[in-house]
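The lines below spell out each chain.
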Amino acid sequence: MRHHALTSRLGASVPHPAPSPHGRFAAFLSPLGKRLALALVLFLLFPIPQLLAQSSNAAVQGRVVVQGRGALGDAPVLARNTETGMEWTATTNKDGYYFFLSIPPGTYEIRFEHEGFEPQIKLAKMFIGQKVDINFEVTPGGISEEVTVTAEIQATDLTKSDLSIPIRNEQMEKLPLNGRNFLEVATLAPGTKPAAGGASGSGLTTGASTASSLGFYVDGSDRKNEIVDGGMVGQFISSSNAFPLSAIREYRVVTQLYKAEFAKASGGVVTAATKSGTNDLNGEVFFTYRDKDLNSKNAFASEKPAYERNQMGFAVGGPIVKDKLHYFLAYEDTQVDEFYISAPTGDFADQGGNFPMPQKSKLGFLRLTYQPSPEHYFDISLDDRDESNTAYWLWWAQPYTQDRGLDFTNDVTNISAKYQLVAGTALHEIRFNSQDYGWATATLAQPGPGLRYPSIHIGPFSHAPQDWAQERYSLNYDVSVGLGNHFIKAGVSAQRLRYQAEQQLFLNPQFDFETDTATVPYNASIGVGDPGVAKYNTQYGLFIQDDWKVNDKLTLSMGIRYDYETNMLNNDFVTPADVRADLTPYFDERYFSDGSNRDPFTGALQPRLGLSYDISGDGTRFLTAGVGIFYDRTIWNVASDEALRYTYKIFNIRFSEDGANNSLVWDDAYFERDNLLDLIASGETDPPEVFLIPDDLKPPKTIQFSVGYRQKIQDATLSVSYVGVRGSNETAVYDANANGQIPGYGKVNVWTDEGNSWFDAFYLFFDRPYKDGWFGQVSYTLGWADNESDSLYHGYWRYTSEDMLERAPALTDERHRVSVNVGFDLPWKMQVSGWGTYATGTPYEVIVGSDVNGDGFVNNDYPEGEGRNSGRKDATKVLNLRLSKKVTLRQIGLNVYVDAFNVFDWENYTSYINNQQSASFGQASAAGDPRQIQVGGTFTF
């Protein structure tokens, strides 16, 4: 991890020494240990009945009845994983019910064998997040060597009340994935779409939310990015794979109404289960290859740029001790020579081109699972991600010049451990997670000015260098039990986090021009000082979830969750006395902190209720409904900016040719950083910007509700749902001094939680798991998404008061989206598969480009009669296909394939020039990938 240092010309630097390992460990243990110990004592003294399948596991419940007699109590039932040989045992209660509360996804033999009765075995394939009913009707008789084996039970999602879909292993193995990113096909879920904006990388969004509102879990460990945008750790800016594809067994995308065990997500949840070793030694070695000759030409490229991508890796797993101890190891290496295509027009056309964007990524994963007996289960894993590349942080619609690129590094290391104990009818589970995430940027260009015109951005990027880190230590305790026809889970969690940021924003000063031909900028931004800040935060969570089978037709899913953070907003921050004195006439006391008046938020109580009703009585047709409250968290970037602006100062200086309207007279010498700093030192400019946080700032919140219908159609399920989401407390920012109404100050950026959002949609989903040689999924979303701010910093250059938070179409407002994925086995061990989407255009912002309303900003002046996001992009469509062939020679198999991405070479425009001052206004400025062909192969053994 790089750490930058800068000595300010305007005052001494303030050191921020990193704590010693001993001090950091002690700081972690002190508050966390005491409170966690108290929580555990309370749970042990006052046990709460509990579970449902853990977020990355599955669950089974059922009833054993004697034919013609009724329930059979105190009878053993065994679940045996056919791949690993691991076993779990349960005993029926007096009403004949048994429960397997949390078992890894896989194929199981559910065995009933009891003295005096004929034995039975039922086969069931369990997927992540599923709970399956498996009942036995037994007859008296002696134990026989011949056991009745029932054909495999097809687990379905008919009775669930959440809105989710599974992405199964056959989809990840057989569908064409451009880059082996397992999250790529998450957009096949209704209501899910790729995130808008370059900072989100390969992030996802649901409804009207941003990528930051989603929660991510891998084997139950929290992967939330809590410092900046992006949703999942490692996905900020990055578009690379987040995890080795060979290590992901399956995952589930939950768009709305997730259960109480999920925390810190107001928009949706992605939860993944990894692979484990089995009783058979098996593995794979894979490669994929693409180059220039296999690509079509991008719509904005004058010629096809040189291109090459190589991906290779391996996965291997097997037994160390058969039926007891297994290992799984995966590694993936990606090296790409690709290009950013910049296509400015008019007088700037010669500054465009195909700019190199080399990328390197290494991913590793190791997992050990150990079951010494059916009562004890241990699981430990390690994964690591190391990425370095050249990136273009495409905040704006304008094309960039080559020197605006960034050197970007991205690292994630995660260690997880889990222990399960079956004690009587209860399952106790303890999970520990250690996580280290960091990213850093540096400019590719030599120091100099950045020039921002309506049609192009030239020179070094504004927000570099930066160096961010997030360290997480988490401990979870869950206890689960089946009581009668209740399937219950409760848990307590604690996380200790350390955040660190070093931001040298505007180290290369940026100059904004009102027109493409202007020679005098109307604004210059420059930063100087000590760029470092670090803080600790502790998070606690409590939940209880009860899935109650009221009768043969009605099932209720009832949960409640409570979350609490000790230091989400730097509670010990003290507003400088002079700032407090100067701004008190303009703001009330809640905007100034004395280090004791900023209390943690205590209102994050989140009840959640769902139901399913079997209207047919035979388990084939269900009505579903649900409603719930979901709290997210305010990312640390909000609090870090408040503190940093007093040590690393950012000045925004207004210029003109004649010094009118309180501006300064421009001189070309100010293009030099030193001359701009001398101007600041002279006292002629406004003071640096400040940020104000109200002491009662609340974290984002959504209220979600839905009604739906599900039906089983032979081996498939069909669902139709209406969903509504109402967001509130959404964090936004405005400049209370955009027009200089507060004398002696520059930008006064005020954070507010007054943002709102609205989402209404109808979902249609058809799901047919792989069977008899084919699988398929079809999803359709008809949706409306509105909000009052498009991103966390949307108002930084646009809003001058809370009154400007007005409802308008969100950037994710996509009226129609259709997604299809399918795969078919062909003769001669061949297979064809593919997936595609069609989506109507999303909005983009159209601005006049001059300060028509006279409020000091040029980015919030819209065409007459129009509001925010009045433009609409063209519709997008893509179809990706794969043709594969399997060859087997003794114990070694080879699967070779050809992938065609965007097979019809459709042009999908992603960005449009939105400034009416540009001669290129309204024209598309960037496009998605053209047709690309990839060849690959996998050796299996």
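Computed from a predicted structure; not experimentally measured.

Analysis parameters
Residues numbered from 1 in each chain as written. Predicted model: local features only at pLDDT ≥ 70, side-chain atom pairs only at ≥ 80, totals over all residues. Heavy atoms only, no water. Helix = DSSP H or I, 4+ residues; strand = E, 2+ residues; numbered from the N terminus. Pairing = 2+ DSSP bridges. Buried < 20%, exposed > 50% of the residue type's maximum accessible area, 1.4 Å probe, protein only. Polar contact = N/O pair within 3.5 Å; in protein donor to acceptor, adjacent residues only side chain to side chain. UniProt positions renumbered as here; feature names shortened; annotations may be inferred. Contact = heavy atoms within 4.5 Å. Arc of directions from axis to C-beta.

1. Focus: unusual backbone geometry
Residue Pro 465 is reached from Ala 464 by a cis peptide bond, and omega for that bond is 5°. Among the secondary structure elements, Pro 465 is positioned in the loop between strand 26 (457-458) and strand 27 (466-483). Of note, the phi angle at Asn 661 is positive, near 55°, even though the residue is not glycine. Within the secondary structure layout, Asn 661 lies in the loop between strand 35 (648-656) and strand 36 (664-665).

2. What to know about the sheet that holds strand 36
Taken in spatial order, the six strands of this open sheet run 26-25-29-30-35-36, and their pairing is mixed. Of all strands in the sheet, those bounded by a partner on one side alone are strand 26 and strand 36. Sheet topology places strand 29 (residues 510-512) next to strand 30 (residues 523-529); three bridges connect them, and they run antiparallel. Directly across from Phe 511, in strand 30, lies its bridge partner Ala 524.

3. Some thoughts on the pairing of strand 14 (residues 214-218)
Buried residues dominate strand 14, accounting for five of its five residues. Of the strand pairs in this sheet, strand 14 and strand 17 (residues 268-274) are connected by five bridges, and their pairing is parallel. Bridge assignment links Val 218 to a residue of strand 17, and that residue is Ala 272. Sheet topology note: the strand 14/strand 15 (residues 221-222) ladder contains two bridges and is antiparallel. Opposite Val 218, over in strand 15, you have Ser 221 as the bridge partner.

4. Digging into the sheet that holds strand 17
Read across the open sheet, the five strands follow the order 11-16-17-14-15; overall the sheet is mixed. For this open sheet the edge positions go to strand 11 (163-167) and strand 15, each flanked by a neighbour on one side alone.

5. Describing the environment of Gln 777
As for its position among the elements, Gln 777 is in strand 41 (residues 774-787). Once the C-alpha coordinates of Gln 777 and Leu 188 are considered, the two residues, 589 residues apart in sequence, prove to be 8.3 Å apart. For Gln 777, the side chain forms a polar contact with the side chain of Asp 767, separated by 3.1 Å.

6. So, the UniProt feature "domain: TonB-dependent transporter Oar-like beta-barrel" (unreviewed entry) in the protein chain
Here the UniProt feature "domain: TonB-dependent transporter Oar-like beta-barrel" (unreviewed entry) sits at residues 273-356 and 451-857. In residues 451-857, the share of helix is 6% and the share of strand is 52%. The end C-alpha atoms are 18 Å apart.

7. What to know about the side chain of Ser 462
If you trace the backbone, Ser 462 turns up in the loop between strand 26 and strand 27. With a relative accessible area of 1%, Ser 462 lands in the buried category. Separated by 2.8 Å, the side chains of Ser 462 and His 463 make a polar contact. In this structure, Ser 462 is in contact with Trp 395, Arg 404, Arg 452, Gln 504, Leu 505, Phe 506, Leu 507 and Gln 510, ignoring residues within four places of it in sequence.

8. Observations concerning helix 5 (residues 673-681)
Buried within helix 5 are the following residues: Arg 673, Leu 676, Leu 677, Leu 679 and Ile 680. Down the axis of helix 5, the sector holding all buried residues measures 155°, keeping them to one side. As for helix 5, its buried residues are in contact with strand 29, strand 30, strand 35 and strand 36.

9. Observations concerning the pairing of strand 51 (residues 932-940)
Both faces of the sheet carry side chains from a regular strand, because those side chains alternate between them. In terms of strand pairing, strand 18 (residues 282-291) meets strand 51 through six bridges, oriented antiparallel. Residue pairing across strands places Thr 288 opposite Gly 936, the latter belonging to strand 51. Pairing analysis gives nine bridges linking strand 48 (residues 892-901) to strand 51, with the strands arranged antiparallel. Bridged to Asp 899 within strand 51 is Gln 934.

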